[in-house]
Amino acid sequence: MLVVEAKLKNGTPEQYKRLDESIRTAQFVRNLCVRYWMDNKGTTRNDLQKLCSQLAKNQETPWVTKLNSQARQSSADRAWQSINRFYQNCRAKIPGKKGFPKFKKHSRSVEYKVTGYKLSDDRRKIKFTDGFKAGEFDLWCSQRTLVYYSEQQIRRVRIVRRCDGYYCQFLIDVERQEHHEPTGQVTGIDLGLKEFYTDAQGNTVNNPRYLRKSEKRLKKAQRRLSKRFRKGKKQSNNYHKQRVKVAKLHLKVSRQRKDKAIKDALALVQSNDLVVYEALKVRNLVKNRKLAKSISDASWYQFTQWLNKLAKIYRIVCVAVPPHFTTQDCSVCGTRVQKSLSTRTHQCLNCKTVLDRDHNAAINILKKGLKYLGEHLNGTVGHTETGASAVLGSPQVEQLAYPNALGESGRWVLNGNIENLSRLVEQGISGSDTERIPHYNL
């Protein structure tokens, strides 16, 4: 599946107001489905779908009839997704909160399936034809990629409201495949705050700290916003204008992070045949009040998600390993050297190795990944132990299991690349010689 996003342009204020009405109606249907599930034990997904047709016939809610029938079904599906996720968390006995379904107060999207809209022949205009009659909008897309796909390939259309306008997302049924030229390179990466990541070869990528750079403007804009707030009264137009300005600043930071994550992940995937990273539990790391803002600003989770996604598209091997003791253990002799966060250099008293702590951790991460791949090739680890396998087009995708797996993201190996794994493991082991590692004398 491929998602193409285009901005809805050249609409009148009345048209955008009708889009808001459709979004609020979808939110109403979704919340009503959650309420129905709470009040009726044993509710299934089909029951929620039947509820949508009953709402359309209810004279007390005439505005629901204006929303397209498939859009109502999509709202019910959203409600069922949150309910099903709650059931799965309860069955898995996840500690802490299980994600009990909540009512949405500020929804920003509505989703259509194959009806309720009509595209122009040149794919540059879209017209919404449901009961709200929002009318026709121009589709602004930088690459004009919609012209390459037929209307039968479009499975879903979602309208998303953001602070800088309205966007239309098209879910297209097409398998994206990119050709990857084997480079013979393997690497492990250590994610950090001083440097965004350090690989096993000692190369580093700087941490841009987008939020920190925009913090001065954000504080000034938020201070103006708080001064215009009137408690217990209707807010003025100037308050709402300033609120949009603050939201646009946050949106810019979010887009900068996403762009950085995609570019860094793509560069890693294109230049390596094997990428190993540590599966960090970011949700637990941000509980540190002193480092929470810096960790969130680094957006490690988003980067690893794009790394996995692009690795599947380019059909290279991507493995996540547990991060336990990767910083403390010596990458040469394995001796455990305790370090605090302020200690930036690894110095081993046993083998006299001197390395940057992130570089040392990256080498350990690569060794762990090679170890698990070796176990996979020997048949000791695989889907027979985990019982998990999936299909991503062709060939089959197998899950890799390892002790104390944190499960932050999928670990997988393409069966079509099994014959190349031995070469990667052998090269990684032979390339990890200790002659290039600097030493020091006591």
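In this text the structure is predicted, and so the values were computed from the model without any measurement.

Engineer: Describe helix α8 (residues 300-314), and please don't skip the residues or the numbers.
Structural biologist: Its 15 residues give α8 an end-to-end C-alpha distance of 21 Å, which sits within 8% of 21 Å, the value for a rise of 1.5 Å per residue. Buried within α8 are the following residues: Trp 300, Phe 303, Thr 304, Trp 306, Leu 307, Asn 308, Leu 310, Ala 311, Ile 313 and Tyr 314. In the stretch just after α8, Arg 315 is the one whose phi turns positive, near 60 degrees.

Engineer: How would you explain empty space enclosed by the protein if you had to name every residue and give the values?
Structural biologist: Empty space among the atoms becomes visible once a probe the size of a water molecule is rolled across them. Here the structure, examined in full by the defined rule, presents four cavities of 30 Å³ or more. Looking at the largest cavity, its volume works out to about 60 Å³. Phe 196, Asn 207, Pro 208, Arg 209, Tyr 210, Arg 257, Lys 260, Ala 261, Asp 297, Ala 298 and Ser 299 together form the lining of the largest cavity. Tallying contributions element by element places helix α5 (residues 237-271) first for the lining of the largest cavity, with three residues. Partitioned by chemical class, the residues of the lining of the largest cavity number five nonpolar, two polar and four charged.

Engineer: Got a sec to walk through the nonpolar core? Specific residues and values, please.
Structural biologist: Burial of nonpolar side chains together is a common tendency in soluble globular proteins. The biggest cluster of nonpolar side chains holds 29 residues, and the ones touching the most others in it are Leu 8, Leu 19, Ile 126, Phe 128, Leu 139 and Phe 170. For this core, the secondary-structure elements that each account for two or more residues are β1 (2-9), α1 (13-39), β2 (109-112), β3 (117-119), β4 (125-128), β5 (135-140), β6 (154-162) and β7 (165-172). Of all hydrophobic cores here, the second largest spans 27 residues; its members include Leu 268, Val 275, Trp 300 and Ile 313.

Engineer: Which residues make up the layout of surface pockets, and what are the values?
Structural biologist: There is about 1700 Å³ of room inside the largest pocket. Taken together, 39 residues make up the lining of the largest pocket; nearest its centre are Val 3, Glu 5, Lys 258, Ile 262 and Trp 306. When contributions to the lining of the largest pocket are tallied by element, the ones reaching two or more residues are β1, β7, α5 and α8. When residues of the lining of the largest pocket are assigned to their parent elements, the largest contribution, eight residues, is made by α5. The residue makeup of the lining of the largest pocket, split by class, is 19 nonpolar, eight polar and twelve charged. In this structure, the second largest pocket spans a volume of roughly 750 Å³. Sorting the residues of the lining of the second largest pocket by element identifies β8 (186-191), α6 (282-285) and α9 (357-377) as the ones contributing at least two each.

Engineer: So what's going on with the pairing of strand β9 (residues 195-199)? Which residues, and what values?
Structural biologist: Burial within β9 is extensive, with four of its five residues counted as buried. Summarising the sheet, β8 and β9 pair through three bridges and their orientation is antiparallel. Residue pairing for β9: Ile 189 is matched across the bridge by Asp 199. Across three bridges, the pairing between β9 and strand β10 (residues 204-206) is antiparallel. Across the sheet, Thr 198 pairs through a bridge with Thr 204, a residue of β10. What sits between the antiparallel neighbours β9 and β10 is a turn of four residues, in which Gly 202 has the positive phi angle 90 degrees.

Engineer: Explain unusual backbone geometry to me, and be specific about the residues and the numbers.
Structural biologist: We note that Lys 93 has phi near 55 degrees; this positive angle belongs to a residue other than glycine. Within the secondary structure, Lys 93 is located in the loop between α3 (69-91) and β2. Residue classification places Lys 93 among the exposed positions, given a relative accessible area of 70%. The phi torsion at Phe 325 lies on the positive side, around 65 degrees, for a residue other than glycine. Mapped onto the elements of the fold, Phe 325 is located in the loop between β12 (317-321) and β13 (345-347). Residue classification places Phe 325 among the partly exposed positions, given a relative accessible area of 43%.

Engineer: Account for the sheet that holds β5, naming residues and giving values.
Structural biologist: The sheet built from seven strands is open, its strands ordered β2-β6-β7-β1-β5-β4-β3 with antiparallel pairing. What marks the edges here is a single partner per strand, and that holds for β2 and β3. Averaged over neighbouring strand pairs, the angle between their axes works out to 30 degrees when direction is ignored. Bridge count for β3 against β4 is three bridges, and the pairing is antiparallel. Looking at β4, one finds that Tyr 117 is bridged to Phe 128.

Procedures and definitions
- Residues numbered from 1 in each chain as written.
- Predicted model: local features only at pLDDT ≥ 70, side-chain atom pairs only at ≥ 80, totals over all residues.
- Heavy atoms only, no water.
- Helix = DSSP H or I, 4+ residues; strand = E, 2+ residues; numbered from the N terminus.
- Expected span 1.5 Å × (residues − 1).
- Buried < 20%, exposed > 50% of the residue type's maximum accessible area, 1.4 Å probe, protein only.
- 1 Å grid on protein atoms, 1.4 Å probe; cavity = no way out; pocket = protein on both sides within 12 Å on 5 of 7 lines; lining within 4 Å.
- Points joined across faces, edges and corners; volume = space filled by probe spheres on them.
- Nonpolar A, V, L, I, M, F, W, Y, C, P; charged D, E, K, R; others polar.
- Core = buried A, V, L, I, M, F, W, Y, C linked by side-chain atoms within 4.5 Å.
- Pairing = 2+ DSSP bridges.
- Axes fitted to C-alpha atoms, helices over the stretch in contact; angles between N-to-C directions.

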